[in-house]
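Coordinate analysis (summary)
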Amino acid sequence: MRIILLGPPGSGKGTQAQRLVQRYGIVQLSTGEMLRAAVAAGTPVGLKAKEIMASGGLVPDDVVVGIISDRIDQPDAKNGFILDGFPRTVPQAEALDELLKHKHFKLDAVIELRVNESALLNRVETRVAQMRERGEEVRLDDTPEVLTKRLASYRNQTEPLIHYYSERRKLSTIDGMMAIDEVTRAIHRLLLALGAVEPKVHGKAHGKARARSAAKAGPAKKAKAAKKSAKKPAKTTKKAAKSRKAAKKAVTGPKKAAKKTVKKKAAKKTARKAVKKGAKKAAKKVTKKRAKR
Ligand code: AMP
């Protein structure tokens, strides 16, 4: 499954992306996260992006397209991915189309989380206050001033993507102002309706996916997941054996009935013969008696 989450900063893309990762065992590709890691590591890309990010602007298209192109090729992205924060401009979307075409990958959906801008500012202010209370480090670009600038660049450069994907019949819009769980459910329903996920996996990451998502969660969980997915084939084999037995029964059933009918017919024949024999004997006796007289 390959999807794009579209929405302004603070719309909940990151939260929903993490839930999708848990549920379907696919990877989250967040350009914001990758750029922050590059800044922290002091790589050439990080040095280029640092100032731009701190001021709330957008990093050049070629830089982010290069990052995404490399990341999509990693083995863990083979099973599918959620793009969070990319594409952010029409040229990025065009470059992504080319990339996917070249790799023979299909984009399943573009999900827009639609939110109310003034509520976003409140959300970010509350989140920042809570993080400060917990003594957590607050992102440099999470201040109301920078957020206002990020919202402006969303409106000017990213919002045109709504039209871009809607024209290509890829866009679905979900009300991002609902409670987090409600949004998650709406996304799941949408993915089901689009056929991007199977109804069977509803509520749980299945087999390989379960093992993959647990692989990141540490050895204890990993072992548990491995045990569970190892059990699965056994279950399937048991199930298969059961249905084979049932199928066998279904075949042997009519055979038995046929045998019974043959037996019944033979018994009737014997009985008829016995009656005939008895009658013949009785007739002989009567003839003999008559002859004696
Ligand atoms: P995010 O975590 O997605 O809000 O991204 C944080 C910052 O990283 C943005 O404000 C941009 O400066 C930069 N950034 C992230 N993704 C992109 C992108 N696709 N194109 C350009 N800049 C980006």
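You'll find the structure just up there.
Residues numbered from 1 in each chain as written. Predicted model: local features only at pLDDT ≥ 70, side-chain atom pairs only at ≥ 80, totals over all residues. Heavy atoms only, no water.

**A short note on the nonpolar core**
In terms of nonpolar packing, the biggest core is built from 30 residues, with Ile4, Leu29, Ile68, Phe81, Leu83, Leu96 and Tyr165 touching the most fellow members. Secondary structure elements with two or more residues in this core: β1 (2-6), β2 (27-30), α2 (31-41), α3 (44-55), α4 (61-72), β3 (81-84), α5 (90-103) and α8 (160-167). The element best represented in this core is α4, accounting for six residues. Not counting residues up to four positions away in its chain, the partners in contact with Leu96 are Ile4, Ile72, Leu83, Phe86, Pro87 and Tyr165. (Core = buried A, V, L, I, M, F, W, Y, C linked by side-chain atoms within 4.5 Å. Buried < 20%, exposed > 50% of the residue type's maximum accessible area, 1.4 Å probe, protein only. Helix = DSSP H or I, 4+ residues; strand = E, 2+ residues; numbered from the N terminus. Contact = heavy atoms within 4.5 Å.)

**Observations regarding the pattern of salt bridges**
Within the structure shown, the criterion is met by 11 salt bridges. Here Asp108 and Lys106 are joined by a salt bridge, their closest N and O atoms 3.1 Å apart. Given a relative accessible area of 51%, Lys106 falls into the exposed group. In this structure, Arg168 engages Glu167 in a salt bridge whose closest nitrogen and oxygen atoms are separated by 3.8 Å. The class for Glu167 is exposed, based on a relative accessible area of 55%. (Salt bridge = Lys/Arg side-chain N within 4 Å of Asp/Glu carboxyl O.)

**So, the sheet that holds β1**
In spatial order, the strands read β2-β3-β1-β4-β5; together these five strands make up an open sheet with parallel pairing. A strand with exactly one partner marks an edge of an open sheet, and here the two such strands are β2 and β5 (171-175). Sheet twist, expressed as the average angle between the axes of neighbouring strands with direction ignored, equals 25 degrees. Bridge count between β2 and β3: four bridges; the pairing is parallel. Considered in β3, the bridge of Gln28 is made with Ile82. (Pairing = 2+ DSSP bridges. Axes fitted to C-alpha atoms, helices over the stretch in contact; angles between N-to-C directions.)

**Quick look at the packing of helix α7 (residues 144-158) against α8**
Interhelical geometry of α7 versus α8 gives an angle of 35 degrees and a closest axis separation of 5 Å. Taking contact as the criterion, the partners of Tyr154, Arg155, Asn156, Gln157 and Thr158 in α7 are, on α8, Pro160, Leu161 and Ile162. Counted by class, the contact of α7 with α8 contains four nonpolar, three polar and one charged residues. (Nonpolar A, V, L, I, M, F, W, Y, C, P; charged D, E, K, R; others polar.)

**Some points on the pairing of β3**
Burial along β3 is two-sided: the residues Phe81 and Leu83 and Ile82 and Asp84 are all buried. Sheet topology note: the β1/β3 ladder contains four bridges and is parallel. Bridged to Arg2 within β3 is Phe81.

**Description of the site of the ligand**
Taken together, 16 residues lie around the ligand, and Thr31, Gly57, Gly85, Arg88 and Arg150 are the ones closest in. Here an oxygen atom of the ligand sits 3.1 Å away from a polar atom, N or O, in the side chain of Arg36. Gln92 places a side-chain nitrogen or oxygen 3.0 Å from a nitrogen atom of the ligand. For the ligand, the accessible surface in isolation is 480 Å², of which the surrounding protein chains cover 96%. Among the elements that make up the shell around the ligand, the one with the highest residue count is α2 (four residues). In terms of residue class, the shell around the ligand is made up of six nonpolar, five polar and five charged. (Near = heavy atom within 4 Å. Polar contact = N/O pair within 3.5 Å; in protein donor to acceptor, adjacent residues only side chain to side chain. Areas by Shrake-Rupley, 256 points an atom, 1.4 Å probe, with all protein chains shown as cover.)

All we've got here are geometric facts, nothing functional implied.
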